[in-house]
Each structure stands twice: as structure tokens, then as C-alpha cells.
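# Structure assessment
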Amino acid sequence: MDEEDEYIENTWTYISLCGEPTLYEGLRFAKDLIIANVCLRLIIQCISMPHNVRHSLSLVLGSFLLYYNIGWALTWIFGLTIGTYLLIFLLSIFTKKSRGFFISFCVIVFLLSCEIYLINPKTWQQIRGIQMIVAMKVISVAIELDRNLYKQMLNPLEFGGYVLCPANCILGPWISFHSYDQYLHVKFLTRRWIKIIFVNLFISMVFLVLSNCIVPWYIDDNVTKWLTAYRDAQAFRMSHYFVSSMSIVSMISAGFGLTNDCHSDIQVTKPLYIELPRSLVQVVIFWNIPMHQWLKNYVFKTCQPYGQFISILTTYAVSSLLHGFNFQFSAVLLSIGTFSYVEYNFRYKVALALEVCCLANPCVKQCDHKYKKNSFLAVFVNTLFSILTIIHLAYLGVMFEASFSVQESGYSFYHTVNKWENLNYFSHALAAFMYLIYLMM
């Protein structure tokens, strides 16, 4: 056996040894989501039931799914759900305004208190994502009440069914109450539904194997620190694509995100736009599309009267707070906010000076630039910015590479600083340099 044959054999041995247990655990996790949500869809599909009974069914199945996954930590989810409903109800007696602000403040304080004082780190890491989804739903309801988007206050069954819906209580994505209520009344029964579930399940398993087995293997440890950073960041991104794809599986299994003719209209992320990015701005948009829409509708637009920079800073601050009192998440999110703001304005000045189509977002309507998107100059400039964005992603994503014990208990301040120090704070220095050039242009 020559060296090439031996290399191929060792490669397949490694992939099989890593891939089999990875797929087993992934499918075992998917099984629970699919069973709970298919039950919800089949009951709704086959049995005619009153409005509140539908919401009660969603509440019960969601509670069982949560208990099966996180055990008695479920009480913290119930506490946040019941507490916020009572607070919204009491606020609604005295005022029809500012409920969104008060609920947002109280929810964020509660989340930070849980993380710092009330819940041990391992339990918090287990329920942090679930609590964030609950918080987003609760805040959106309070703000929409302020905007008079409901005919009346939601009753407890509607509120509980929405917040604890099995379709998105574990992995998300966030959807509005109106979308949730509409999906509960959609009826279909076609083979296409099963096909869509299995296609998305296959996609999610591919990303899981890429994250755990393929990406860590194809770049060795004994290469440059930037290639290692890119590898670790890409492995993290693949795990995000897995979670996003699995959340679609969960939604589709419940019949959510499907039209009456059984076509999917839900998107959570766009991997191609992230792996081959035009700009950091687009990465932010396509990383988690539902959360981007939530932040845009309920935070950014609310802060727009105070200026663009304040709106962006507040949006990323709220996002980091919803993720918890975690220096790593806060540092990464606020850095992305700063980098994307600098990039957006810098590219605007470059496009204006060179008359080239190189804005952070591509021209949607008729392009007024002298050098259109397909011109050599536009392709060259946009390619440079794409390379810089890939470097930023490696710099920011390397933060999430750590041992299992660190991931389980949370990332520390020193972990974050050491990772960036190893890369000489390159992206922060580059953003500062770009901002200085922007001021001089």
C-alpha cells in the first residue's frame, strides 16, 4: 500500500469514527423535535377544535418537549413566561404606552440576575438560548400592544401557547404572534411536507458533520495562526448552520413556515452569503434573519430618532444583553456593530470618490455609479472588501473555540483577550485605521 492509499484509508477511518457518533447524537436530538411537532400538526390537521384549545395544545406539547430536554430547569422558563404576562396585564390597566420599554428592562434584568446570582453556570448554559427566545417573544408582544396591533390583550392560553410553542421553543427562530396564530390555522396534507422535513434534516446533518469532523480535520494545527483561526471560526459557523437548519426542521414538522399549498417560506440563515460575504453588513443580516428582523423592528426603529450610530450601538447592546452577561458575546457583538458601521460609511465614501458600485449592500434599483457591479474596478474593490470580511470573521469567530468545560460553564474575560491578543488585535486596529481614513476623505 503506497502513501496515498494509506492516507485515503486513514481519512475515511477518521471520518467514519467521528461521523457515526455525531450523526447518532444529531438524529437522536432531532427525533424529539420532530415527534412533538408532527403530533401538534396531525392533531390540528385532523381534529376541528376551538381557538383556545389550539393554543392549549401548543402550550402542553411545548412544555413536555422542554421538560424532556432540560428537566426541572423548565421552572425558570415558566417563571419568566408567567411573570411577564402578569406584568404586562398590570401595566395594561394603568397605561397603554411604554409597556415595551418596561417589559424589555425587566426581562433583561431578570436574565442577567439568573446568570449572575440565581442559576449555576452549567444550568444557565443549558437554558440560555431558550430563555432568549422567550424574551424576544415577550418583548415583541409588549411592543406590539403599544403599537395597537392587537384587538385586545392576549389571554393566558394565547400567550402561553405562543411563548412555549414546540415549533420554536428550543432552537427558535423567533416569529411574531400573528404569524404563529396564522400557522395554527393552516391546513394541508401532502407528501411534499414529509419531503421538506427530510431534506432539511439531511442539510442539518451535513452541517453537523462538517462542524465536528470535516472542518477540524482539513486544516492541521501546525499551520499559521490565521489559518487555524479561520478553521476554528468556520467550525463554529457550521455549528450555527446546523442549529439554524434544525430549527427549520422543527418549524416545518409543526407545519409552521408552510403555505396552504405546502411550500416553505421560512429562512433562518444563508450560509453562502456568510462564507463568501460581500460585507460584514450582509453577514449581520443573513446570520440569523428572524433575529435581525426582530432587532430591526423592535430596537433599531425605536432608536432611529437619536441617530444612526446610537441606533446601531443600542441594537447590538440589546442583542448582547439578551445573550447574557457574557464578556465574550458582548465583545464580539459590539465589535461587529462597530466594524460594520465603519465599513458601511467607508465604502460609501469610496463609492462616491471612485464612482464605483461597492456599497456594503448591492444596488437594488438602477445603479447610478459610473463603474457598474460587473466592471473590473467594481469586482476588484468588492473582492478586497470580501477578503477583509473573511479576515474579520476569522478574528471574531475564533473566540468560540474552546474546550468542552469552558463551553459548558461559559467563556471568561481572559479567554477572549488571549484569543485576540494572539492575533495582535488586527481587526480592531484595521477598523480604527479605516475610520481614520474615512474622516480624512
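Heads up: the structure comes first, above all this text.
Within each chain, residue numbers correspond to sequence positions counted from 1 in written order. Residues qualify for local features only when their pLDDT is at least 70, as the model is predicted, and side-chain atom pairs are given and counted only at 80 or more; totals for whole chains, interfaces and linings, by contrast, use all residues. Based on all heavy atoms of the structure, the side-chain values leave hydrogens and waters out of the count.

### A short note on the overall build of the protein chain
To be explicit about the condition: A helix here means a DSSP run of H or I that spans at least four residues, while a strand means a run of E at least two residues long, and both kinds are numbered starting from the N terminus. Residue exposure (1.4 Å probe, protein chains only): buried if accessible area is under 20% of the type maximum, exposed if over 50%, otherwise partly exposed. Any two residues whose heavy atoms approach within 4.5 Å are treated as being in contact. For the accessible areas, the method is Shrake-Rupley and the probe is 1.4 Å, while residue cover comes only from the protein chains on display. Note on charges: Lys and Arg go in the positive column, Asp and Glu in the negative column, and His and the chain ends are not counted at all. For charged residues, the charge sits on one atom: NZ in Lys, CZ in Arg, CG in Asp, CD in Glu.
Broken down by element type, the protein chain carries 18 helices and zero strands. Looking at the 441 residues of the protein chain, the share that counts as buried comes to 51%. Once local pairs closer than 6 in sequence are excluded, the contacts in the protein chain between residues at least 24 apart make up 72%. Split by element, the accessible area of the protein chain, about 22,100 Å² in all, is 66% carbon and sulfur. Separation between the mean location of the 30 positive side-chain charges and that of the 26 negative ones in the protein chain comes to 17 Å.

### Some remarks on the nonpolar core
Nonpolar side chains in soluble globular proteins tend to end up buried together. The condition is simple: We define the nonpolar core as a collection of buried residues of types Ala, Val, Leu, Ile, Met, Phe, Trp, Tyr and Cys that are connected through side-chain atoms lying within 4.5 Å of one another.
Within the largest apolar cluster, 110 residues are counted, with the highest numbers of intra-cluster contacts made by Ile77, Phe256, Trp294 and Leu322. The contacts of leucine 322, once residues within four sequence positions are left out, are Ile108, Leu111, Met132, Ala135, Met136, Ile139 and Trp294. With 12 residues, the next largest nonpolar core counts Val342, Val350, Ala351 and Phe385 among its residues.

### What to know about the packing of helix α2 (residues 51-70) against helix α7 (residues 177-184)
Spelled out, the test is: Here the axes come from fitting lines to C-alpha atoms, over the contacting stretch only for helices, and the angles between their N-to-C directions go from 0 to 180 degrees. If an angle is under 35 degrees, it is roughly parallel; if it is over 145, roughly antiparallel; if it lies from 65 to 115, roughly perpendicular; otherwise it is oblique. Here the nonpolar group is Ala, Val, Leu, Ile, Met, Phe, Trp, Tyr, Cys and Pro; Asp, Glu, Lys and Arg are the charged ones; every other residue, Gly included, is treated as polar.
As a packed pair, α2 and α7 sit with axes 11 Å apart at the nearest point and diverge in direction by 105 degrees. Taken together, α2 and α7 sit at an angle that is classed as roughly perpendicular. Each of His51, Arg54, His55 and Ser58 in α2 lies in contact with α7, whose residues at this interface are Phe177, Tyr180, Asp181 and Leu184. For the contact of α2 with α7, a count of residues per class yields three nonpolar, three polar and two charged.

### Describing the state of the cysteines
As a reminder of what qualifies: In this description, a disulfide is simply a cysteine sulfur pair whose atoms lie within 2.5 Å.
Under the criterion given, the structure shown has one disulfide. Covalent S-S linkage joins cysteine 18 and cysteine 213, the inter-sulfur distance amounting to 2.0 Å. Looking down the S-S bond of the cysteine 18 and cysteine 213 bridge, the torsion is -85 degrees, so its handedness is left-handed. Separated by 195 residues along the polypeptide, cysteine 18 in helix α1 (residues 3-46) and cysteine 213 in helix α8 (residues 191-218) bring together distant segments of the chain. The two residues cysteine 18 and cysteine 213 agree in class, both being buried.

### Observations concerning the environment of asparagine 382
Inspection of the secondary structure puts asparagine 382 in helix α15 (residues 376-397). The buried category is assigned to asparagine 382, whose relative accessible area is 9%. Asparagine 382 sits 105 residues away from proline 277 along the chain, and the two C-alpha atoms are 9.7 Å apart. Excluding residues within four positions of it along the chain, asparagine 382 makes contact with Arg278, Arg347, Cys357 and Cys358.

### Considerations on a nonpolar patch on the surface
Quick note on the threshold: In this analysis, a patch consists of residues with relative accessible area above 30% that form no salt bridge, clustered at 9 Å for like charges and at 5 Å for the nonpolar side chains Val, Leu, Ile, Met, Phe, Trp and Tyr. Whenever a carboxyl oxygen of Asp or Glu lies within 4 Å of a side-chain nitrogen of Lys or Arg, that contact is scored as a salt bridge.
Taken together, the side chains of Tyr306, Phe309, Ile310, Leu313 and Leu334 present a nonpolar region at the surface, about 470 Å² in accessible area. Here the nonpolar patch takes three residues from helix α13 (residues 308-322), the largest share from any one element. On the secondary structure map, isoleucine 310 appears in helix α13.

### Some thoughts on the pattern of salt bridges
Taken as a whole, this structure holds six salt bridges when the rule is applied. With a shortest N-O distance of 2.8 Å, arginine 28 and glutamate 25 are connected by a salt bridge. With a gap of three residues between them, arginine 28 and glutamate 25 both fall in helix α1, about one helical turn apart. The exposure class of arginine 28 is partly exposed, given its relative accessible area of 42%. In this structure, the salt-bridge partner of glutamate 275 is arginine 237, at a minimum N-O distance of 2.7 Å. Of this pair, glutamate 275 sits in helix α10 (residues 271-275) while arginine 237 sits in helix α9 (residues 225-253); the two residues are 38 residues apart in sequence, bridging distant segments of the chain.

### Regarding the layout of surface pockets
Let me state the cut-off plainly: The rule is simple: put a 1 Å grid over the protein atoms alone, call a set of points where a 1.4 Å probe fits but cannot get out a cavity, call an open set with protein on both sides within 12 Å along at least five of seven lines a pocket, and count a residue as lining if it has an atom within 4 Å of a point. Grid points are joined across faces, edges and corners, and a volume is the space filled by probe spheres set on the points.
Here the second largest pocket defines a volume of roughly 520 Å³. Looking at the second largest pocket, it is lined by 21 residues, and the ones nearest its centre are Gly100, Phe101, Ser104, Tyr298 and Val318. Listed by contribution, the elements that provide at least two residues to the lining of the second largest pocket are α4 (99-118), α5 (121-146), α12 (289-303) and α13. Here the lining of the second largest pocket is composed, by residue class, of 14 nonpolar, five polar and two charged.

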